[in-house]
Amino acid sequence: LSYISSEALNLVRFEEEMVHTKSYMALIKVRYMEDIQFDIDIPAEMEEIYIPKLVIQPLVENSVKYATNTSPIWKICLSGWTEGNRWFAQVEDNGKVFSEEVLEEIWKQIHFVEETGTIPELSLNGMGILNIYLRMHFYYKDQAVFEIESYPDQGAKIIIGGLIKIPDMA
């Protein structure tokens, strides 16, 4: 609670975000035990990269929410990598796919933000994903990476990323 309530718009080291994310995963593992599997592949070199706070754990939480709407065993994979001056994080699961309607609504809200510079009224469904987009867009502007993909039969992945060194931060 102290992590999520303190200075929400600050940048944090990737390592700090991972500590919070792993704590969340540990709680979920207690609840679902062997029915859920987490795989984490984040290279050590990413630990010192500063990223927007609360962009990784909510992606994992979203995967848990939709994966557990299907039959177990639920698999959630969190991976990260760098390319040049950019970092990327991907959360992938074997749960429920995003419906066309949900994807359309998410992109509609994202385009609204991009075109008007204002934040749409947030409802509970899709709010977490839009909130992550807003955080990424706030820091990285047009350099933000934000991709959503549903697999044909089951599962989805979201990739986020941005600049390792933000010019205003240097």
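Every chain is numbered on its own, with residues counted from 1 as its sequence reads. Predicted model: local features are reported for residues with pLDDT of at least 70 only, side-chain atom pairs are reported and counted for 80 or more only, and whole-chain, interface and lining totals are derived from all residues. Here the side-chain values reflect all heavy atoms present in the structure, with hydrogen atoms and water set aside.

Peer 1: Report on the overall build of the protein, specifying residues and quantitative values.
Peer 2: Each helix and strand counted, the protein has 5 helices and 7 strands in total. Along the protein, helices and strands appear, N-terminal first, in the series α-β-α-β-β-α-β-β-α-α-β-β. Pairs of residues are marked as contacts when any of their non-hydrogen atoms sit within 4.5 Å. Sequence separation of 24 or more characterises 70% of the internal contacts of the protein that already satisfy a separation of 6 or more. On the protein, roughly 9500 Å² of surface is accessible, and the fraction owed to carbon and sulfur atoms is 53%. Secondary structure elements are defined from DSSP: runs of H or I of at least 4 residues count as helices, runs of E of at least 2 residues count as strands, and each element is numbered from the N terminus. Accessibility throughout is a Shrake-Rupley quantity obtained with a 1.4 Å probe, and a residue counts as covered only by protein chains that appear here.

Peer 1: Break down the sheet that holds strand 4 (residues 74-83) for me, with residues and values.
Peer 2: An order of 2-4-5-7-6 is seen for the 5 strands of this open sheet, with the pairing classed as mixed. Looking at strand neighbours, the two that pair on one side only are strand 2 (36-41) and strand 6 (145-150), the edges of this open sheet. Across the sheet, the mean angle from the axis of one strand to that of its neighbour is 10°, orientation sign disregarded. Only the stretch in contact is used when fitting a helix axis, every axis being a line fitted to C-alpha atoms; angles between N-to-C directions are given from 0 to 180 degrees. Here helix 2 (residues 14-32) sits on the sheet in contact with strand 2, strand 4 and strand 5 (86-93), set at roughly 165° to strand 2. At least two bridges found by DSSP between two strands is the condition for calling them paired.

Peer 1: Outline the environment of Ser-63, supporting the account with residue identities and numerical values.
Peer 2: Tracing the backbone shows Ser-63 in helix 3 (residues 57-67). The spacing of Ser-63 and Gly-155 is 92 residues in sequence and 9.0 Å in space, taken between C-alpha atoms.

Peer 1: Now, about empty space enclosed by the protein: what can you tell me, with residues and values included?
Peer 2: Within this scheme a cavity is a closed region of a 1 Å grid, computed over the protein atoms alone, that accommodates a 1.4 Å probe without allowing it to escape, whereas a pocket is open but has protein on both sides within 12 Å along at least five of seven lines; lining residues each have an atom within 4 Å of a point. Grid points are joined across faces, edges and corners, and a volume is the space filled by probe spheres set on the points. Taken as a whole and assessed by the stated rule, the structure comprises 1 cavity of 30 Å³ or more. Roughly 40 Å³ of internal volume is contained in the largest cavity. Along the walls of the largest cavity sit Leu-59, Asn-62, Ser-63, Val-91, Asp-93, Phe-98, Ala-156, Lys-157 and Ile-158, which together make up its complete lining. The class makeup of the residues in the lining of the largest cavity is 5 nonpolar, 2 polar and 2 charged. Residue polarity is assigned by list, with Asp, Glu, Lys and Arg as charged and Ala, Val, Leu, Ile, Met, Phe, Trp, Tyr, Cys and Pro as nonpolar; anything else, Gly included, falls into the polar class.

Peer 1: Can you lay out unusual backbone geometry for me, pointing to particular residues and giving the numbers?
Peer 2: When glycine is set aside, most residues are seen to have a negative phi, and most peptide bonds are trans. Look at the link from Pro-72 to Ile-73: it is a cis peptide, with omega at 15°. Structurally, the position occupied by Ile-73 is in the loop between helix 3 and strand 4. Backbone geometry places Met-33, a non-glycine residue, at a positive phi of 50°. Position of Met-33 relative to the elements: it lies in the loop between helix 2 and strand 2. Backbone geometry places Leu-54, a non-glycine residue, at a positive phi of 60°. Throughout this description, buried means an accessible area under 20% of the type-specific maximum (1.4 Å probe, protein chains only), exposed means over 50%, and partly exposed covers the range between. According to the relative accessible area criterion, Leu-54 is buried, its value standing at 10%.

Peer 1: Describe in detail the pattern of salt bridges, supporting the description with residues and values.
Peer 2: Whenever Lys or Arg places a side-chain nitrogen within 4 Å of a carboxyl oxygen from Asp or Glu, that contact is recorded as a salt bridge. Summed over all chains, the structure comprises 4 salt bridges. Arg-13 is paired through a salt bridge with Glu-15; the nearest N and O atoms lie 2.0 Å apart. Residue classification places Glu-15 among the partly exposed residues on the basis of a relative accessible area of 28%. The salt bridge partner of Arg-13 is Glu-48, with a shortest N-O separation of 3.1 Å. Remark: Glu-48 occurs in the loop between strand 2 and strand 3 (50-52) and Arg-13 occurs in strand 1 (residues 11-13); sequence separation between them is 35 residues.

Peer 1: Give a detailed account of the environment of Lys-141, specifying residues and quantitative values.
Peer 2: Considering the arrangement of structural elements, one finds Lys-141 in the loop between helix 5 (127-140) and strand 6. Take Lys-141: its relative accessible area is 47%, and that puts it in the partly exposed class. Here the alpha-carbon distance between Lys-141 and Glu-114, two residues 27 residues apart in the chain, equals 9.4 Å. From its side chain, Lys-141 meets the backbone oxygen of Phe-138 in a polar contact 2.6 Å long. For this analysis, a polar contact is any N or O atom pair within 3.5 Å, provided that within protein one partner can donate a hydrogen and the other can accept it, and provided that sequence-adjacent residues contribute only side-chain to side-chain pairs.

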